[in-house]
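Listed below are the residues making up each chain.
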Amino acid sequence: MLREALAQEGMDPDSVELVEIATEGDAERQAFVGSPTIRIGGVEVAPVKDEPAGLTCRVYRLRDGRISPTPDPQDIRDAIKEAMS
Amino acid sequence: MNIGDAAPSFELPATDGSSHGLDGQPTAVVFTCNHCPYALAWHNRLLDVARDYDGRVRVLLINPNDADSHPRDSADAMRERVEVDGGWPAPYLRDESQSVARDYGAKTTPDVFVIDAGGVLRYRGAPDADYEDPSQDAAWLRDALDAVLEGREPERAETEPVGCSVKWSR
């Protein structure tokens, strides 16, 4: 999904860096609030407030209100555009 | 546990303090939880099954996740969730020791097991084909329940469970 969005915006889909968060300490250090977390230029594609760091699964809300394990594709595209502007 | 095996018996506490287990009625045992997006995406469909089959099938929702590493799956958090919703049509059980999940070989949340009145496992897997599509309406689970109620084998006895891994204690 991320690579597809990058390609659509004219960016290199292979520029994705995968970071494994293996421990609670890693999660704290990276302010990681769940898997998957996607950051474009260090900025969350779907920011959350007051979410504790931890090794857990992340819940996203799609734009139509449905719950999903991944962000809304439009949120990813918007984050890419924002990072490019 | 394989299709056709006797399902392990259990007795677990629900959020309201009552106790539930297999009791000789057709039963859908669903391992689920509070924090997993897959479990949440399928949740309303599973509650609809409990309502639609009320009186014919028991639906038992079991949270087996380790609450130390995942506090959102604690007994208190489970109770709060049910209360906020104004009650559920199926009991929400806490498998604190994770022994029931282990006995059943639960892999994910959700992971669905349909057990007939004789205590035999007749279906195991996902509620339906797509967590993202509410119109699927837990069709695989419903097909299995209909088969059990009609005394026949489900056409699809096993599917791959889809969801977050059960969070085992370390």
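Residues numbered from 1 in each chain as written. Chains lettered and ligands numbered in written order. Predicted model: local features only at pLDDT ≥ 70, side-chain atom pairs only at ≥ 80, totals over all residues. Heavy atoms only, no water.

### Let's talk about the interface of chain B and chain A
Counting residues at the interface gives 15 residues for chain B, matched by 12 residues for chain A. Both sides together, the interface formed by chain B and chain A hides about 1,000 Å², and carbon and sulfur atoms give 57% of it. Ranking the residues of chain B by area buried against chain A places P37, R72 and E132 of chain B at the top, with a combined share of 42%. For the pair chain B and chain A, the interface holds one salt bridge. Of the charged contacts, one joins R72 of chain B and E51 of chain A as a salt bridge, the two residues approaching to 2.3 Å between their closest N and O atoms. (Contact = heavy atoms within 4.5 Å. Buried area = accessible area lost by both parts, 1.4 Å probe. Salt bridge = Lys/Arg side-chain N within 4 Å of Asp/Glu carboxyl O.)

### Digging into the confidence of the model for chain B
Summary statistics for chain B give a mean pLDDT of 97 and a share of 100% for residues scoring 70 or more. Complex prediction metrics read pTM 0.91 and ipTM 0.81. (pLDDT = per-residue confidence, 0-100.)

### A few points about the nonpolar core
All names here are of chain B. By size, the foremost hydrophobic cluster in this structure holds 33 residues, and its most contacted members are V49, V59, L61, V114, L141 and L145. Elements supplying a minimum of two residues to this core: β3 (27-31), α1 (37-52), β4 (58-63), α2 (75-84), β7 (111-115) and α4 (139-149). It is α1 that provides the largest number of residues to this core, a total of eight residues. Once you skip the residues sitting within four places of it in the chain, V59 turns out to touch A28, V49, A50, A90 and P91. V29, I62, Y104 and V166 belong to the second largest nonpolar core, which has 17 residues in total. (Core = buried A, V, L, I, M, F, W, Y, C linked by side-chain atoms within 4.5 Å. Buried < 20%, exposed > 50% of the residue type's maximum accessible area, 1.4 Å probe, protein only. Helix = DSSP H or I, 4+ residues; strand = E, 2+ residues; numbered from the N terminus.)

### Focus on unusual backbone geometry
The omega torsion across S35 of chain A and P36 of chain A is -5°, close enough to zero to call that bond cis. Structurally, P36 of chain A is set in the loop between α2 (24-29) and β1 (39-40). The linkage connecting T109 of chain B with the following residue, P110 of chain B, adopts the cis geometry, with an omega of 0°. A positive phi is found at A31 of chain A, a non-glycine position, where the angle reads about 50°. The exposure class of A31 of chain A is partly exposed, given its relative accessible area of 46%.

### Examining the state of the cysteines
Residues and elements named next belong to chain B. Under the counting rule described, the total for this entry stands at one disulfide over all chains. No disulfide involves C33; its sulfur sits 4.9 Å from the nearest other cysteine sulfur, which is in C36. Overall, the relative accessible area of 0% leaves C33 in the buried class. (Disulfide = S-S within 2.5 Å.)

### Quick word on the layout of surface pockets
Volume-wise, the largest pocket comes out at about 920 Å³. Along the wall of the largest pocket there are 30 residues; nearest its centre are E17, L18, V19, T37 and I38 of chain A. Looking at the lining of the largest pocket, the elements with two or more residues in it are α1 (2-8) and β1 of chain A. Considering only residue class, the lining of the largest pocket consists of 15 nonpolar, nine polar and six charged. If you add up the space inside the second largest pocket, you get close to 340 Å³. Along the wall of the second largest pocket there are 17 residues; nearest its centre are V33, E51, P52 and T56 of chain A together with R72 of chain B. The class makeup of the residues in the lining of the second largest pocket is eight nonpolar, five polar and four charged. (1 Å grid on protein atoms, 1.4 Å probe; cavity = no way out; pocket = protein on both sides within 12 Å on 5 of 7 lines; lining within 4 Å. Points joined across faces, edges and corners; volume = space filled by probe spheres on them. Nonpolar A, V, L, I, M, F, W, Y, C, P; charged D, E, K, R; others polar.)

### Considerations on the pairing of β7 of chain B
Note on strand geometry: in a regular strand, side chains alternate between the two faces of the sheet. Residues and elements named next belong to chain B. Burial analysis of β7 places five of its five residues in the buried class, the great majority of the element. Along β7, one buried face is formed by D111, F113 and I115 and the opposite face, lined by V112 and V114, is buried too. Here β7 runs beside strand β8 (residues 121-125); their pairing, made up of four bridges, is antiparallel. Within β8, the residue paired with V114 across the bridge is Y123. (Pairing = 2+ DSSP bridges.)

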